[in-house]
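# Inside the fold
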Amino acid sequence: MGLVPVHQPAARAGLGAGGQSSCQAKVRRATSGGAAGGSAAPGRALEMVPGAAGWCCLVLWLPACVAAHGLRIHDYLYFQVLSPGDIRYIFTATPAKDFGGIFHTRYEQIHLVPAEPSEACGELSNGFFIQDQIALVERGGCSFLSKTRVVQEHGGRAVIISDNAVDNDSFYVEMIQDSTQRTADIPALFLLGRDGYMIRRSLEQHGLPWAIISIPVNVTSIPTFELLQPPWTFW
């Protein structure tokens, strides 16, 4: 994916005193647990990425911020929900920093199956349905790496771990290795808590065991990308 600049008018970018943008991208580093909001947890780095004047570094949406404007670059991966139709949006996720694999192919249609139990720290009661599909897991209870290994052991192609703070619509956690020196081979992605909650809620309302998604999605080839963002995400 290329670098995509987004110019924000002063009113949209939230310019503060001196013409500096108050819009900030928030990325935290963690191995597990803790709410993704407010200040950083003890011993964890909170990386604040200020936008240049008139610009806003929207890591919620873009594969990277623009280096020419002094913005820190982060990698993002996108997937689109195809069904249920009421959440047919493009979602943004962040790959684990130092564990897990990468997507070697694009899945035009694959199931996104909420794990049971949702934290996926042990045996999954619906593990049969996760085999050869992608698991949606909730943060908490054990390390991100442990969750990834559980899904891998159940035959999952990848895992998407949503924050357990359902009101989190802006803080991306940088998932890192735990202290066990174990490894995982499947891709592991972090998803905002609000996004994970809305996907699960839609499935519950429709009585569906899984969503159908396309992953990864190259948003630079989609002219209407902005219009396909979840409406509850800041823009």
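Whatever comes next refers back to the structure up there.
The text that follows walks through the structure, step by step, so that each part is easy to find. (Residues numbered from 1 in each chain as written. Predicted model: local features only at pLDDT ≥ 70, side-chain atom pairs only at ≥ 80, totals over all residues. Heavy atoms only, no water.)

### Digging into the pairing of strand 3 (residues 77-83)
Counting buried residues along strand 3, six of its seven residues qualify, which places the element largely inside the surrounding structure. The loop that links strand 3 with its antiparallel partner strand 4 (residues 90-95) comprises six residues. (Buried < 20%, exposed > 50% of the residue type's maximum accessible area, 1.4 Å probe, protein only. Helix = DSSP H or I, 4+ residues; strand = E, 2+ residues; numbered from the N terminus. Pairing = 2+ DSSP bridges.)

### What about helix 3 (residues 144-153)?
Within helix 3, seven of the 10 residues are buried, leaving the element largely enclosed by the surrounding structure. The set of residues buried in helix 3 consists of Phe144, Leu145, Ser146, Lys147, Thr148, Val150 and Val151. Phi turns positive, to about 85 degrees, at Gly155, one or two residues after helix 3.

### With respect to the sheet that holds strand 3
One closed barrel holds the seven strands; their spatial order is 3-4-9-7-6-5-10, and the pairing between them is mixed. Strand-to-strand twist in this sheet, taken as the mean axis angle between neighbours without regard to direction, amounts to 40 degrees. Contacting strand 6 (134-138), strand 7 (158-162) and strand 9 (188-191), helix 3 runs over the sheet at an angle of about 140 degrees to strand 7. Of the strands in this sheet, strand 3, strand 4, strand 5 (107-114), strand 6, strand 7, strand 9 and strand 10 (211-215) touch helix 4 (residues 193-206), which is tilted by about 115 degrees from strand 6. (Axes fitted to C-alpha atoms, helices over the stretch in contact; angles between N-to-C directions. Contact = heavy atoms within 4.5 Å.)

### A closer look at the packing of aromatic side chains
Given two aromatic rings, their pairing is described by the distance between the two centres and the angle made by the two planes. Summed over all chains, the structure comprises eight aromatic pairs. Residues Phe128 and Phe129 carry aromatic rings whose centres are separated by 5.6 Å and whose planes lie at 80 degrees to one another, so their mutual orientation is edge-to-face. With centroids separated by 5.9 Å and ring planes inclined at 45 degrees, the aromatic side chains of Phe129 and Trp210 adopt a geometry described as tilted. Here Phe129, found in helix 2 (residues 127-130), pairs with Trp210, found in the loop between helix 4 and strand 10; they are 81 residues apart in sequence, far enough to count as distant. Of the residues examined, Phe129 reaches a relative accessible area of 43% and is grouped as partly exposed. Connected via pairs of aromatic rings, a cluster forms that spans Phe79, Tyr89, Phe91 and Trp232. (Phe/Tyr/Trp six-rings, centres within 6.5 Å; stacked < 30°, edge-to-face > 60°.)

### Structural notes on the state of the cysteines
In total, this model carries one disulfide according to the counting rule given. Paired through a disulfide, Cys121 and Cys142 show a sulfur-sulfur distance of 2.2 Å. The disulfide joining Cys121 to Cys142 has a torsion of about -90 degrees about its S-S bond and is therefore left-handed. With Cys121 in the loop between strand 5 and helix 2 and Cys142 in the loop between strand 6 and helix 3, the pair connects residues that are 21 residues apart, well separated along the chain. (Disulfide = S-S within 2.5 Å.)

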